[in-house]
Structure formats: C-alpha cells, structure tokens
Amino acid sequence: MIRGFVECESPSDDRTAVNRFVELVADTVSGYAKVKRTKGGRFGDLLQCEMALPGRRKSGQILALGHSDTVWPMGTLRSMPFRQEKGRLWGPGSLDMKAGIAFFLTAVEGLRELDVPVASKVLLQLNPDEEVGSEVSRGLTEKNAKVSKAVLVLEPGTGMTGKLKTARKGVGDFTVKVTGRASHAGVDFQAGASAVLELARQIDHVASFTRMDKGITVNPGVIRGGTRSNVVAAEAEAEFDIRVLKLRDAPALERRFRKLKPFDKRCAVEVTGGLNRPPMERSAGIVKLFRLAQGLAREIGVELEESLTGGGSDGNFTAALGIPTLDGLGAVGEGAHAVNESLLVNRMADRTALIGKLLAAI
Ligand SMILES: [Zn+2]
C-alpha cells in the first residue's frame, strides 16, 4: 500500500496529481468507508472517509487527520524512486506522510478482520494543502474537530524512536518591504536612500525579537533587493518565519512587527503577515490522551515518549480549539522534506497496532 501511495506523486501545487492520489485512497477504502470528496479550489479535493467498524453503538467521534499533498515536485521519483533498502522504505512523501495513511487504513482493516468493537464514529480527513499552510482545508478541519472527542494526527513521529508530539509551536510569517529612493551610486550618492541598507538595519532589529527562553524565534529566511551594485537601491524586502510556544506571546510579537519604523526617515517600511497556525499547547486533555497511548504501547512492548516540535501541522488547529490532539502517530524515520526521506520497516507493525488500539480504546 505504501509503495502504491508513494508512486502516485502528489505535490501540493498540482491539483490533478493530488486528485489522482485522493482517488487511489478512495478506491482503497471503498469496501469499508463512506467517502465524501469536496472541491479544494486551486488545490486537490478534500477527502473524508467515515469508516465502517465493528461495534453497534457509536458515541462521539474520533477524527484521524492526514494530508494527501507532499513537498516533492512531479518527477522526483526518477531521482528518488520508491525502494526498500537497509531496513527502510525510501521515497518522496513516504515518511511525510503516506506511510501514516497506510498505517491507519491497515489498522482499520485489522479491527474489521479481528472484529474488535470500536465505540466511536471514526472519520479520516485528508487535506490537499497541508504543506502550503492549509488555507483551504482549515475550515473543514476545525468543523470536524469541534464535534470530535479526540484527534489523531498521522504525521511522522519525532526522531528515530518515533516520539509522539504533544506540543507544537505556532507558525507565522511576515514580509517587511522597504521603499527607498534610487540614485546613481557614483554621481548622485547622497540623493539616494538605500532600501538595502534600511532593510539590513530592520533585519538586525527584528532578529532581536527572538527569545529562546520563551520559545520565540524569528528567522529572516529570504531577502531580496536592489538592481545593480552601482545603483542606490529603491526597493528591498525580507521574509521572516516566526514560531511561538504559547499563544499568549503571539499578539505582542505581531505588534512589534506592525510597529516597525524606518531608521532612515526617507525610507518607507511596509509590514504584512501574521500567525497562521496557532501553537498546539500541551493541555491536560492532550496529556491524558498521551498517557492512554503510552499504556497501549506498553502492551505491545514499546516505550513511547513525547516531544515538543517547532514544526506545525493541522493538529495545531484542532488543539487550539481545545480538542485533545495526539500528533506524530505515523511512521518512524527521518528526512521529511529531504532526499534521505525514509521510514523504518521494523516500526511499521507497532505503529499500526497502536493506531488500532487507540481507535478501540478512546
Ligand atoms: Zn506532513
């Protein structure tokens, strides 16, 4: 199943490709799920699968959350083919997160075959735009989460032991655009107001917003500006990635960006952006869900640990609504978004079993 999923490439920005993958998943579950597809605008379709599971009475819902898109452009398979080697499965999107989807579906198939009663309604939602910010899918994720008692996120675990994620930082981005005044660097130097110089000062200032002790980071990841070395630059801009551990720290950080003033009064500074994923804070409900998972994992001889990660997922949205969310239940491996993307074959069975046990126990 993982091979089939990985070999069906599905980059976020290729709607047709993502829909081929969505079709493949829909076909896979056709014997045991009620499938609903919703248009995702410029992205692929959003997929919802309501699983038919043993056990007659259903009370409450468990939402299993995943994404159908990957960060890899079409054709990546040519240089990074799916393969099984050195105890791992390799390939674009294998770890993040097609294996997680396959584990979940295999767990559902197992529960059905073994006739294990599941007390909750189980809904799988796959989003087509997670790798690019979940702008289109966020509403549906929140709608489904609000009527769920727990959310299980099928993203990969942390590190080579597959720690679950009980906290994630919130993520945002800002663009700082400086407009200066162009002039000839030789003939008319003083008439110019350099946007590049102004931006350099702004970057140094903004970088000081980082507070490692509070888990706040501000990264100037991209800069652009100027036209030629002999022209005083009229325009320059920088893109910043921001991360916060606590939601209460976000408004003050956003205000500091919005209040940026030019050092050189002849320049203008324009700021756009904001927080787009709230942090997933380690709530009592999340801890309770993690303890449950830990106990279930012990039954199959696995000692589960928890982790905090700076990376965001759709679990950030559901946790911010106060719905107990357990993230990182997918594959164990390394190299998400990197050429060494791979997952451990010898951790596939216990991850699948853990998902099945959670569905039956919640
Ligand atoms: Zn992912």
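The sections below set out a description of the structure shown in this document. No experiment lies behind these values; they were computed from the predicted model shown.

**Some details on the overall build of the chain**
For the chain, the count of helices and strands is 10 helices and 18 strands. With the principal axes as the frame, the chain shows a C-alpha extent of 85 × 45 × 40 Å. By residue count, 52% of the 362 residues in the chain fall in the buried class. Taking all contacts inside the chain whose residues are at least 6 apart in sequence as the whole, residues at least 24 apart take part in 79%. For the chain, the computed accessible surface area is about 16200 Å², with 52% contributed by carbon and sulfur atoms.

**Section: the environment of V232**
Following the sequence through the fold, V232 ends up in strand β12 (residues 231-232). In this view, V232 contacts R181, A182, S183, A185, F189, G192, A193 and S194; residues no more than four positions away in its chain are not counted.

**Points about helix α4 (residues 94-113)**
Residues separated by three or four positions in an α-helix point in the same direction, a consequence of the helix having 3.6 residues per turn. The element α4 is extensively covered by neighbouring structure, given that 15 of its 20 residues are classed as buried. One or two steps after α4, the chain reaches D115, where phi turns positive at roughly 55°.

**Section: the coordination of the zinc ion**
Binding of the zinc ion to the protein goes through H67 (NE2), D96 (OD), E155 (OE) and E155 (OE), at separations of 1.9 to 2.7 Å. In this structure, the zinc ion is coordinated by four donor atoms arranged in irregular fashion, with angles at the metal of 52 to 146°. Between the donor residues of the zinc ion, the gaps in sequence give the motif H-x28-D-x58-E. Of this pair, D96 sits in helix α4 while E155 sits in the loop between β7 (150-153) and β8 (164-168), and the two are 59 residues apart along the sequence.

**Thoughts on the nonpolar core**
Judged by nonpolar contacts, the single largest core of 56 residues is most densely connected at M51, F104, L105, L124, L326, L358 and L359. With 11 residues, the top contributor of residues to this core is α4. Excluding anything up to four places from it in sequence, L326 contacts V151, L152, V153, L164, K165, T166, L289, F290, A293 and L358. With 23 residues, the next largest nonpolar core counts A195, V206, I216 and C267 among its residues.

**Topic: the sheet that holds strand β9 (residues 170-179)**
In spatial order, the strands read β11-β13-β9-β14; together these four strands make up an open sheet with antiparallel pairing. Unpaired on one side and paired on the other, β11 (217-225) and β14 (268-277) mark the two borders of the sheet. Each strand of the sheet is rotated relative to its neighbour by a mean of 15°, with strand direction disregarded. Looking at chain direction, β9 and β14 are connected through nine bridges and run antiparallel. Along β14, the bridge assignment pairs D173 with G274. Running at roughly 10° to strand β13 (residues 235-244), helix α6 (residues 195-207) makes contact with β9, β11, β13 and β14 of the sheet. Across the sheet, helix α7 (residues 250-258) is in contact with β9, β11, β13 and β14; its angle to β14 comes to roughly 160°.

**Considering the pairing of β7**
Where burial is concerned, the two faces of β7 agree: the one with A150 and L152 and the one with V151 and V153 are both buried. Strand direction decides the pairing type here: strand β3 (residues 61-67) and β7, joined by four bridges, are parallel. Counterpart to L65 in the pairing with β7 is V153. Here β7 pairs with strand β16 (residues 325-326) via two bridges, running parallel. For V151, the partnering residue across the bridge sits in β16 and is T325.

**Concerning the pattern of salt bridges**
Enumeration over the complete set of coordinates arrives at 22 salt bridges. Residue D249 pairs with K214 through a salt bridge whose shortest N-O separation is 4.0 Å. Of this pair, D249 sits in the loop between β13 and α7 while K214 is found in the loop between α6 and β11, placing the two residues 35 residues apart along the sequence. When the shortest N-O distance is used, the salt bridge between K357 and E299 registers 2.4 Å. Of the two residues, K357 is situated in helix α10 (residues 348-361) and E299 in helix α8 (residues 284-299); the sequence distance between them amounts to 58 residues. Taking relative accessible area as the criterion, K357 reaches 24% and is therefore assigned partly exposed. Beyond isolated ion pairs, a larger network of salt bridges with shared partners links E23, R37, K39 and D45.

**Brief notes about the sheet that holds strand β5 (residues 88-90)**
One open sheet holds the four strands; their spatial order is β4-β5-β18-β17, and the pairing between them is antiparallel. Looking along the sheet, the strands with just one partner apiece sit at the ends: β4 (83-85) and β17 (333-334). Across three bridges, β4 lies against β5 in antiparallel orientation. Each bridged residue has a counterpart across the sheet, and for E85 the counterpart in β5 is R88.

**Regarding the pairing of β9**
As paired elements, β9 and β13 share 10 bridges and run antiparallel to each other. Following the sheet pairing, T175 is matched in β13 by E239.

**Points about the environment of R201**
Looking at the element boundaries, R201 is found in helix α6. Under the relative-accessibility criterion, R201 is labelled partly exposed at 39%. Taking the C-alpha atoms as reference points, R201 and P262, 61 residues apart in sequence, are found 8.9 Å from one another. Other than its neighbours up to four places away in sequence, R201 contacts F263 and D264.

Reading the values: rules and limits
- Residues numbered from 1 in each chain as written.
- Predicted model: local features only at pLDDT ≥ 70, side-chain atom pairs only at ≥ 80, totals over all residues.
- Heavy atoms only, no water.
- Helix = DSSP H or I, 4+ residues; strand = E, 2+ residues; numbered from the N terminus.
- Buried < 20%, exposed > 50% of the residue type's maximum accessible area, 1.4 Å probe, protein only.
- Contact = heavy atoms within 4.5 Å.
- Areas by Shrake-Rupley, 256 points an atom, 1.4 Å probe, with all protein chains shown as cover.
- Donors = N, O, S within 2.8 Å, 3.2 Å for Na, K, Ca; no water.
- Tetrahedral: all angles 85-135°; square planar, octahedral: opposite > 155°, others 65-115°.
- Core = buried A, V, L, I, M, F, W, Y, C linked by side-chain atoms within 4.5 Å.
- Pairing = 2+ DSSP bridges.
- Axes fitted to C-alpha atoms, helices over the stretch in contact; angles between N-to-C directions.
- Salt bridge = Lys/Arg side-chain N within 4 Å of Asp/Glu carboxyl O.

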